[in-house]
Each structure stands twice: as structure tokens, then as C-alpha cells.
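Structural characterization, general
Take a look at the letters that make up each chain.
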Amino acid sequence: MPQENNQANNLDRWLDSYADRASTLSVSEVRALFAVVSRPEVVSLAGGMPFVSALPKDLLTKSFNEMMAKRGDLALQYGGGQGDVVLRDQIRDLMALEGISSSVEDLIVTTGSQHGLDLLAGLFLDQGDVVLAEAPSYVGALGIFHHYEAHVEHVFTDDDGISPEALQESIDRLREQKRKIKFLYLVPNFGNPSGVTLSAERRSRVIEICRREHILVIEDNPYGLLYFDQKPPNALRSMDEDGVIYLGSFSKIFAPGFRVGYVLAPPAIRDKMVLANESAILSPSMFSQMLISEYLANCDWEAQIETFRGVYRERRDAALEAMAEYLPNLKTTRPAGGFYLWVTLPEGIDSKAMLPLAVSELVAYTPGTAFFGNGTGQANLRISFSYPTPDNIKLGVRRLANVINRQTELIETFGTKGGNR
Ligand code: PMP
């Protein structure tokens, strides 16, 4: 636990009163970084913040005024626990772009997809249950699974996404150990943190395995529409309506400040999720939902997504060019969409131990250890290219290269003890 937390605990009169579960809450490595990297002189390649400055604020103000004039009283009121039916109907059109056919009854609006994940974890996970996940996997999901005291089993993942053979092996091994596998959690498009996309051929095989083995799939897809060249394969949900729960979000294609996400689930699960949603928050924000609804109805949201694609494509290119120029010997993924590159460091360098050195050189990244629930990930780091300008991305990668090259020289001179493993 970080030092300031320990200090806070020493001062906490209520330490004896907490539930045991409270001890599973800790500052995520990404969150802990925010204070440092918000200094203007630091180039942050750490947090995955969308570039909301690319949104047309004047049009949003117009949407806001129109929404208030037409539906203001409703927007300021409590709503239904399942979400606004008008917005749910519009979400169906969004999901149709990824090959999903759905009905408004099966959709639940949540407070960001993070909240959807939390509701699902609460419904399905008991202490000691197993969640299968990619290697590496989204840090925010790992935090939730940890909080519900589940065990995350990372399954080998390469440039085509999670490996079906490794998935089958993990299932067989865990079942032999009599472990309870509750679901497979996947970010199939432009994964966070890997940037990789699950191939079409593997999608069918993953679905086939999970169907045969009676394992639910949670498909978390906030980045699917942010492709740079061509659309990714259709959603897993389009291949199995009973076996896949789909999570979507407006955070990356519109703005995270609204905190609106959605879940498409088979009917029995959907009913339980609506109850869980009501129990946690009564109703998702009507205000946010209605503003998004107005935006979808009266603004060219598809053109806006196209604008975002252009912004992020240019930044991805800047990051890859800088990697090729300054760190040509390092292996990095080549994302075809989304926000992230996943970099493999030279042997002997520990990404977590190196971070303070990098910050002293005015560049920040997220260490690979944030994306594993099993203590590994030292050999990798995540670069997020969504927020800094292309020039700043290049500057950041150049600074990072200085730090990595210095570490490599130390290791060559003194062995790994000279590095920081
Ligand atoms: N899933 C993934 C893979 C993410 O990257 C994020 C945000 N970083 C989320 C879920 C949560 O998104 P939100 O709650 O803003 O919808």
C-alpha cells in the first residue's frame, strides 16, 4: 500500500469497522500517476484520456439548449433503472454498426461501462471464483475482479488476440483443479492496454469453446468504432446472443464526462442487472442520457467519430514513427484503432522500477504490471497516444528512449543489478 495510505490508516479512527472487502481497494497504478503527470512539463503517455477538445462545443451547447427546452423537466428528474427508452433505441443503431441486432428491452444504461462491469462482477463473482482474461488485461476490470475477491487467470494473447488453444488448456487445467470459472472477460477490439484485435477466425473459435464449456463471455468494447483503416470483425455478441454480454460506452466516441455506458445482456441476466442498477444508483443520469440522445438525433455523430478516427490515427502514426526512430529495436504492437501501444522492454529492465527515472526525465507511461493480476508485466509498458499532440508524443518517446538506453547501458556494464530488476 502506498505510504500516504498507510499514514491515512494510522489516523483513521474507524479502522476496526471496515468490512474485510475494503482491504481489496488500493490506488491503481494509473490513478497514482495522475498527480505527477498533470505537471505541464511532463509529457504524459500514461492515462488513456480521450481528446475531447475535438468535439464541437457550440453544437453541444445547442443540443443542451434544445434538450432543456423540449425535455428539461424530465432531464432533471429521476428516471427508470433500465435507462431512457429513447436513448436505448438509438444505442441499437450504434450497435448495428458492429453487426449486433438487439431490442430495447435487453439494453441497460449504466454510469459508464465501468459501472456495468461492477454490476456484472457483483452478480457473478464469489470469493475464489475464476475470471479468464487476456494477458495483459484492462486495469479497471482487474481492480473490480480483485475487489470481489476473484482470481484472474490470464490466458496467452498474441497479435491476433487471445489464443483459443491456450484458452482451452486453461479451462481444462482449472476444471481439473475443481475451480469455478465464472466468465471470460475480453476487450476484442484495439485492446487496453495491448492495442491488439481478436481475429475473425479466433472469434468463432473462442465462442465455440465457451459455448461448449458453458462459460459466459463478457465483451467490453469501448474502442470498436475508433478504427483507423478498416472496421474490425463483427462483435462476438453478434455470434452468440445467449452466451455473450456486451458492454459499450459513450466515453470514447463522445465524452467520458457524461458517464454513460450500456450493457446488452440475455433476458434473465438483464432482469437481474436492472435490479442491481436500481439498488446501486436508482437510475442512471437522465440529464446525461437526454443530452446524448439529443446529440445523436440532431448532430452528425458519425462525422464526429470520423474526426476522432483521424485525430487518433495521426497520433498512432506519430507514436509508431517515434518508436521506429528512437527505439528501433523494441517490439511494439501496431494498433489498427483505439488509444494504446504495448511495448516490450530490453531484457533486464523493470518498467515499474524505471518509472520514477522516466518522470524525472519528464515523460510518464503506465508500467505493464498494472495490467496483470499475477504480479508480472515488468517487461512491458503501455503508451497511450490519445491525448498528447503528435509533437509531444514524439518528444515523450525521445525522452523515454534516453531513459531506456541509459538503463540498457547500465545493464551491459554492471549486469542486471546495474539495471533495476
Ligand atoms: N473498458 C475499457 C477497456 C476501458 O478502456 C475503459 C476506460 N478506460 C472502460 C471500460 C471504462 O469506460 P467508461 O466507464 O468511461 O465507459
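Here is a short report on the structure shown in this document. (Residues numbered from 1 in each chain as written. Predicted model: local features only at pLDDT ≥ 70, side-chain atom pairs only at ≥ 80, totals over all residues. Heavy atoms only, no water.)

1. Remarks on the overall build of the protein chain
Definition in use: For helices the rule is a DSSP run of H or I covering at least 4 residues; for strands it is a run of E covering at least 2, with both sets numbered from the N terminus onward. Between the two quantities, the radius of gyration covers C-alpha atoms and the globule rule is 2.2 Å times the number of residues to the power 0.38. Accessibility here uses a 1.4 Å probe with only protein chains present; expressed as a share of the type maximum, an area under 20% marks a residue as buried, one over 50% as exposed, and anything in between as partly exposed. We call two residues in contact when some of their heavy atoms are within 4.5 Å. In short, Shrake-Rupley with a 1.4 Å probe defines the accessible areas, and a residue's cover is counted only from the protein chains shown.
Secondary structure summary: the protein chain contains 13 helices and 15 strands in total. Taking 2.2 N^0.38 as the reference for a compact globule, 421 residues should give roughly 22 Å; the C-alpha atoms of the protein chain span a radius of gyration of 22 Å, in line with that estimate. A total of 421 residues make up the protein chain; the buried ones form 54% of that total. Relative to all contacts within the protein chain whose residues are 6 or more apart in sequence, the contacts with residues 24 or more apart total 76%. For the protein chain, the accessible surface area stands at approximately 18,900 Å², while carbon and sulfur atoms represent 51% of it.

2. Considering the environment of Ala54
For Ala54, the position within the fold is in the loop between strand E1 (43-44) and helix H3 (57-75). A residue is classified by how much of its surface remains accessible, and Ala54, at 18% relative accessible area, is buried. Residues Ala54 and Leu25, spaced 29 residues apart in sequence, show a C-alpha to C-alpha distance of 34 Å.

3. A look at the sheet that holds strand E12 (residues 340-344)
Applicable threshold: Strand pairing is defined by DSSP finding a minimum of two bridges between the two strands.
The 4 strands lie next to each other as E11-E12-E15-E14, forming an open sheet whose pairing is antiparallel. Looking at the sheet topology across the chains shown, the edges are occupied by strand E11 (331-332) and strand E14 (366-367). Direction of pairing for E11 relative to E12: antiparallel, over a ladder of 2 bridges. Within E12, the position partnered with Lys331 by the bridge is Thr344.

4. Some points on the site of the ligand
Here is the rule: One heavy atom suffices: a residue is near a molecule or strand as soon as one of its heavy atoms comes within 4 Å of it. Two N or O atoms count as a polar contact when they lie within 3.5 Å, although within protein this holds only if one can serve as hydrogen donor and the other as acceptor, and sequence-adjacent residues are included solely when both atoms are side-chain atoms. Nonpolar residues are Ala, Val, Leu, Ile, Met, Phe, Trp, Tyr, Cys and Pro. Charged residues are Asp, Glu, Lys and Arg, and all others, Gly as well, are polar.
Near the ligand, the surroundings consist of 13 residues, among which Ser113, Asp220, Tyr223, Ser249 and Ser251 are the closest. Here an oxygen atom of the ligand sits 2.6 Å away from a polar atom, N or O, in the side chain of Ser251. Here an oxygen atom of the ligand and a side-chain polar atom of Arg259 are 2.9 Å apart. Here the shell around the ligand is composed, by residue class, of 4 nonpolar, 6 polar and 3 charged.

5. Here we look at the pairing of strand E10 (residues 261-264)
Burial along E10 is two-sided: the residues Gly261 and Val263 and Tyr262 and Leu264 are all buried. Relative to E10, strand E2 (residues 107-110) is paired through 4 bridges, and the arrangement is antiparallel. Bridge pairing in E10 places Val109 opposite Tyr262. Summarising the sheet, strand E9 (residues 244-249) and E10 pair through 4 bridges and their orientation is antiparallel. Bridging across to E10, Tyr246 finds its partner in Leu264.

6. Examining unusual backbone geometry
Of note, the bond from Ala135 into Pro136 is cis; its omega dihedral lies within 30 degrees of zero at 5°. Position of Pro136 relative to the elements: it lies in the loop between strand E3 (130-134) and helix H6 (139-147). Cis geometry marks the peptide bond from Asn192 to Pro193, where omega comes out at 15°. Among the secondary structure elements, Pro193 is positioned in the loop between strand E7 (181-186) and helix H8 (200-212). The phi angle at Lys178 is positive, at roughly 60°, despite the residue not being glycine. Lys178 gets classed as exposed once you look at its relative accessible area, which sits at 73%. Even without glycine at this site, Leu282 takes up a positive phi of about 65°. Its place among the elements puts Leu282 in the loop between helix H9 (267-281) and helix H10 (286-298).

7. What to know about the side chain of Glu134
Definition in use: The convention is simple: Lys and Arg are positive, Asp and Glu are negative, and His and the chain ends are not counted. Any Lys or Arg side-chain nitrogen found within 4 Å of a carboxyl oxygen on Asp or Glu counts as a salt bridge.
Among the secondary structure elements, Glu134 is positioned in strand E3. Lacking a salt bridge, the buried Glu134 has Arg203 as its closest oppositely charged neighbour, with an N-O distance of 8.5 Å. At 3.0 Å, the side chain of Glu134 and the backbone nitrogen of Val187 are in polar contact. Beyond its immediate sequence surroundings of up to four residues, Glu134 is in contact with His154, Val155, Thr157, Ile162, Tyr185, Leu186, Val187 and Pro188.

8. Things to note about a nonpolar patch on the surface
The following threshold applies: Patches here are clusters of residues that have more than 30% relative accessible area and form no salt bridge, with a 9 Å joining cutoff for like charges and a 5 Å cutoff for nonpolar side chains (Val, Leu, Ile, Met, Phe, Trp, Tyr).
Residues Trp14, Leu15 and Tyr18 make up a contiguous nonpolar surface patch of roughly 350 Å² in combined accessible area. Its location among the elements puts Leu15 in the loop between helix H1 (3-11) and helix H2 (29-37). Exposure remark for Leu15: the relative accessible area of 41% places this residue in the partly exposed category.

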